[in-house]
Amino acid sequence: MRVAIAGAGLAGLSCAKYLTDAGHTPIVLESRDVLGGLVAAWKDSDGDWYEVGLHAFFGAYPNMLQLLKELGIEDRLQWKEHTLIFNQPEKPGTLSRFDVPDIPSPFNVIASILRNKDMLTWEQKIRFAIGLLPAVVRGQKYVEDMDKYSFLEWLKRQGVGERVTSDVFIAACKALTFINPDEVSATILLTALNRFLQERYGSKIAFLDGSPTERLCSPIVDYIRERGGEVRLNAPLKEILLNPDNTVKGYLIRGLNGAEDEVIAADSYVSAISVDPLKAILPKPWKQMEFFQKLEGLEGVPVINLHLWFDRKLTQIDHLLFSRSPLLSVYADMSNTCRKYANPDRSMLELVLAPAKDWIAKSDEEIVAATIAELEKLFPDHFGGDNPAKLLKSHVVKTPRSVYKATPGRQQYRPAQVTPIANFYLAGSYTMQRYLGSMEGAVLSGKLTAQAISEAFPVAISSNLQTLTRPPATNAATA
Ligand SMILES: Cc1cc2nc3c(=O)[nH]c(=O)nc-3n(C[C@H](O)[C@H](O)[C@H](O)COP(=O)(O)OP(=O)(O)OC[C@H]3O[C@@H](n4cnc5c(N)ncnc54)[C@H](O)[C@@H]3O)c2cc1C
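No experiment lies behind these values; they were computed from the predicted model shown. (Residues numbered from 1 in each chain as written. Predicted model: local features only at pLDDT ≥ 70, side-chain atom pairs only at ≥ 80, totals over all residues. Heavy atoms only, no water.)

Right, let's talk about the overall build of the protein for a bit. The helix and strand inventory of the protein stands at 16 helices and 20 strands. The C-alpha radius of gyration of the protein comes to 23 Å, within 12% of the 23 Å expected for a compact globule of 479 residues. Viewed in the frame of its principal axes, the protein has a C-alpha envelope of about 70 × 55 × 40 Å. By residue count, 58% of the 479 residues in the protein fall in the buried class. The contacts in the protein between residues at least 6 apart in sequence include a share of 69% that link residues at least 24 apart. Counting every atom, the protein has about 19,800 Å² of accessible surface; 53% of that belongs to carbon and sulfur. (Helix = DSSP H or I, 4+ residues; strand = E, 2+ residues; numbered from the N terminus. Rg over C-alpha atoms; globule rule 2.2 N^0.38 Å. Buried < 20%, exposed > 50% of the residue type's maximum accessible area, 1.4 Å probe, protein only. Contact = heavy atoms within 4.5 Å. Areas by Shrake-Rupley, 256 points an atom, 1.4 Å probe, with all protein chains shown as cover.)

The environment of the ligand is made up of 35 residues, and the closest members are Glu30, Leu38, His55, Tyr61 and Ser429. Measuring from an oxygen atom of the ligand, one finds a side-chain N or O atom of Tyr61 at 2.6 Å. Interatomic distance of 2.8 Å between a backbone N/O atom of Ser429 and an oxygen atom of the ligand. When the free accessible area of the ligand is taken as 1,000 Å², the share hidden by the protein chains comes to 91%. Elements represented by at least two residues in the shell around the ligand include exactly α1 (10-21) and α15 (439-456). Its residues placed into classes, the shell around the ligand shows 20 nonpolar, 13 polar and two charged. (Near = heavy atom within 4 Å. Polar contact = N/O pair within 3.5 Å; in protein donor to acceptor, adjacent residues only side chain to side chain. Nonpolar A, V, L, I, M, F, W, Y, C, P; charged D, E, K, R; others polar.)

This part takes up the domain arrangement of the protein. Accessible area lost when the parts come together is the quantity often used to give the size of an interface. According to the domain assignment, the protein consists of domain 1 (2-34 + 212-299 + 405-466), domain 2 (96-202) and domain 3 (303-399). For domain 1 and domain 2, the distance between their C-alpha centres works out to 34 Å. Facing the 11 residues of domain 1 at the interface are 16 residues of domain 2. Between domain 1 and domain 2, the buried area comes to about 1,000 Å², and carbon and sulfur atoms account for 58% of it. Along the contact surface separating domain 1 from domain 2 lie one salt bridge. The residue Glu183 makes a salt bridge to Lys405 at a minimum N-O spacing of 3.2 Å. The interface formed by domain 1 and domain 2 contains six residue pairs in polar contact (both at pLDDT 80 or more). (Domains from an automatic or database assignment. Buried area = accessible area lost by both parts, 1.4 Å probe. Salt bridge = Lys/Arg side-chain N within 4 Å of Asp/Glu carboxyl O.)

Before going further, it helps to examine the packing of α1 against α15. At a minimum axis distance of 7 Å, the contact between α1 and α15 shows a crossing angle of 40°. Between α1 and α15, the crossing angle belongs to the class labelled oblique. Between α1 and α15 the crossing geometry is right-handed. The residues of α15 that touch α1, namely those facing Leu10, Ala11, Ser14, Cys15, Tyr18 and Leu19, are Met439, Ala442, Val443, Ser445, Gly446, Lys447, Thr449, Ala450, Ile453 and Ser454. (Axes fitted to C-alpha atoms, helices over the stretch in contact; angles between N-to-C directions. Parallel < 35°, antiparallel > 145°, perpendicular 65-115°, else oblique. Left-handed = near helix turned anticlockwise from the far one by under 90°.)

Helix packing geometry: the angle between the two helix axes and the distance between the axes. In the contact formed by α1 and helix α2 (residues 62-71), the axes pass within 12 Å of each other and the chain directions differ by 55°. By the angle between their axes, α1 is oblique relative to α2. The interaxial crossing formed by α1 with α2 has left-handed handedness. Between α1 and α2, the contacting residues are Leu10, Lys17 and Tyr18 on the first element and Met64, Leu67 and Glu70 on the second. For the contact of α1 with α2, a count of residues per class yields four nonpolar, no polar and two charged.

Our focus in this paragraph is the nonpolar core. Formed by 127 residues in total, the largest nonpolar core has its most connected members in Leu10, Trp154, Tyr251 and Phe424. Among the nonpolar cores identified, the runner-up in size contains 25 residues, and Leu314, Trp359, Ala370 and Phe379 belong to it. (Core = buried A, V, L, I, M, F, W, Y, C linked by side-chain atoms within 4.5 Å.)

Now for the pairing of strand β1 (residues 2-6). For β1, a buried count of four out of five residues is recorded, marking the element as mostly surrounded by other parts of the structure. Looking at chain direction, β1 and strand β2 (residues 25-29) are connected through five bridges and run parallel. When the sheet's bridge partners are listed, Ala6 is paired in β2 with Leu29. As for the winding sense of the linkage, the β-α-β connection from β1 through α1 to β2 is right-handed. Strand direction decides the pairing type here: β1 and strand β14 (residues 268-271), joined by four bridges, are parallel. When the bridges of β14 are listed, Ala4 appears paired with Tyr269. (Pairing = 2+ DSSP bridges. Right-handed = clockwise from strand over helix to strand, strands pointing away.)

Before going further, it helps to examine the side chain of Ser211. For Ser211, the location among the structural elements is in the loop between β9 (205-208) and α8 (212-226). Here Ser211 is in contact with Ala41, Trp49, Glu51, Leu216 and Tyr341, once residues within four sequence places are set aside.

To continue, consider a nonpolar patch on the surface. Taken together, the side chains of Ile103, Phe107, Ile110, Leu114, Trp122, Ile126, Ile130, Leu133, Val136 and Val137 define a hydrophobic patch exposed on the protein surface, amounting to about 960 Å² of accessible area. Sorting the residues of the nonpolar patch by element identifies α3 (107-115) and α4 (122-145) as the ones contributing at least two each. For the nonpolar patch, the element with the most residues is α4, which contributes six residues. Inspection of the secondary structure assignment puts Ile110 in helix α3. The exposure class assigned to Ile110 is partly exposed, which follows from its relative accessible area of 38%. (Patch = residues over 30% accessible without salt bridge, like charges linked within 9 Å, V, L, I, M, F, W, Y side chains within 5 Å.)

Quick look at the sheet that holds β2 now. Read across the open sheet, the five strands follow the order β10-β2-β1-β14-β20; overall the sheet is parallel. Two strands in the sheet have a free side with no partner beyond their single neighbour: β10 (230-232) and β20 (424-426). The sheet shows a mean angle of 20° between the axes of neighbouring strands, direction not considered. Pairing between β14 and β20: three bridges, direction parallel. Bridged to Tyr269 within β20 is Phe424.

An ideal rise of 1.5 Å per residue puts 21 Å on 15 residues; helix α13 (residues 364-378) measures up with 21 Å between its terminal C-alpha atoms. Ile367, Val368, Ala370, Thr371, Ile372, Glu374, Leu375 and Leu378 are the residues of α13 that are buried. Next to the buried residues of α13 lie β7 (83-87), β15 (303-310), β17 (328-333), β18 (348-353), α14 (380-383) and β19 (391-399). (Expected span 1.5 Å × (residues − 1).)

As C-alpha cells, this is what we get:
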C-alpha cells in the first residue's frame, strides 16, 4: 500500500522505515532541502557542520537504540561516562558531578545523588526522595496526574526548598524543554526521572559521531529507498485535498522555482510535520472536529543553538555539561565529544540558549556577545587575563517554534496517532507517546503510526490487491 508522509524529521522517517518493514510503500515529502527537521544540519563553506540543536541520546531511549540496531549503525553512538556534570556558578570554572555507579537501578541513581556534596543538603535529598516515592510506586498514572502542576509547584508541595530549584532543576528543565521550572509541567520532569530511576543505564548519555543528517537520517533514507520507498526533499505540503466524505483525496505539493503544483495520491496519508505548520494547513471541515481543535492547545517553543569555534582548547571534558547559567542550557565541546568534529587543538562549543523567547528576535551578533559574556564565567581561565581565547567563527541557528511547549495541562491536548479521519494519521514528538518531545518520542510516534496503519490495512490485502485497496470506513482505534 502507498502511504504519503509529509515531513522528513525523525518521526516521518521512522514511520516510513517501519512501513517498509511491514511491506508498504511510503513516499516521504519534506518541505526543506535538508533531512531531519529539528535534527537537521548543514555544512558551511569551510566544511564545518552546524546543527539545529545539540543532541544528546540517553540509555532510556529504547526505540531509538532499536532503530539504530536495525539499521546496523548502533556503533555511531559514542557513549560517555555515566555521570551528569553541572557548572557551579558560585565557583566559576568548577564543576559538580553526579557519578552513577554501575550497580542496579534505582540504587545507582540514588547513590549518585547521595554522593554529591555540592548541590543538595541532606535535608533536601531526603525530602526530594520522599517526594519522588509516589512517582516510583504509583508509576505513570501519578506522573500524568501531576500535569496540573508546574514542576516548581510540585517541588513546593513536596516541601523541597527553593535552593533545589535553583541548583539542579532549572538546568534539567531548560535542557529537557527549553523553559524554566515555574513554566514546565511536573509530568515532564517526573517522566524523565522515572526512566532514569527504573533503567540501569537510563541516564547514560551518548553523542552521535557526526551530523545527524549524515550519520542518522541518511541511513534511514537508504533503508527506505532500498525497499521501494521514496523520500523527496523540496516538496512542501501546501494543501490537504479532501473527498466529499472528508477523507483525504491527495496531498497538494507546492511546485518550487516556477514548477507546477503536484498532487500526490496514496492509500493513506500521514502528517509528520510539526504541530504549528499542521494547524496552518488543516482543511476547513476538520477544524470543526474536537480532535483537531485540541491542537490549538499546543505550540512550539523558541530555542537557539550556537556553535563557537575558538583558537584554542577550552576544556578536555568529553561530555554534556549543564551550564546553570541564566542564558544557557546545556553545552558540549564537540571537538571532544564527536568523532567527526574532533580537533585536538581547538574547541568548538555547541551551546543551547534557553529560554529563548526574549532572544529569538535579536541579531546573531548580540546573541554571540551575550554568550561570550557567560563563557567568561564558565571558563574564567581562558577569557580573563592578557591573552583571552579568540572566537574564530560562529553559527547561530534560531528555531522560533521547536518542540511543543510543555507547560502544565498540555498532556490532554497531545493527539493520538490515529485520527477520526479514516485515511489520515499523525506522527511527531508532540503526539501522545510515552516519552517527551524528544528524538525518542519522535521515533516512537512514527513507529506507532506505522503500526496503526499496518493494523488497519493488513499487507496481504494491500500488496496483492493494490488497485482495490480502499481505506476502511473508520479507523479501528479512533481517539
Ligand atoms: C535545540 C534543540 C536541541 C534538542 N536536543 C535534544 C536532545 O538532546 N535529545 C533529544 O532527544 N531531543 C532533543 N531535541 C528535540 C528533538 O530534536 C525533537 O523532539 C525531534 O527531532 C522532533 O522530530 P519530529 O519528526 O517530531 O519533528 P520535526 O523534526 O520538527 O520534523 C518535522 C518535519 O516536517 C517538515 N515540514 C514542516 N512543514 C512541512 C510541510 N508543509 N510539508 C512538508 N514538510 C514539512 C519540517 O521541515 C521537518 O523536517 C532538541 C531540539 C532542539 C530544537
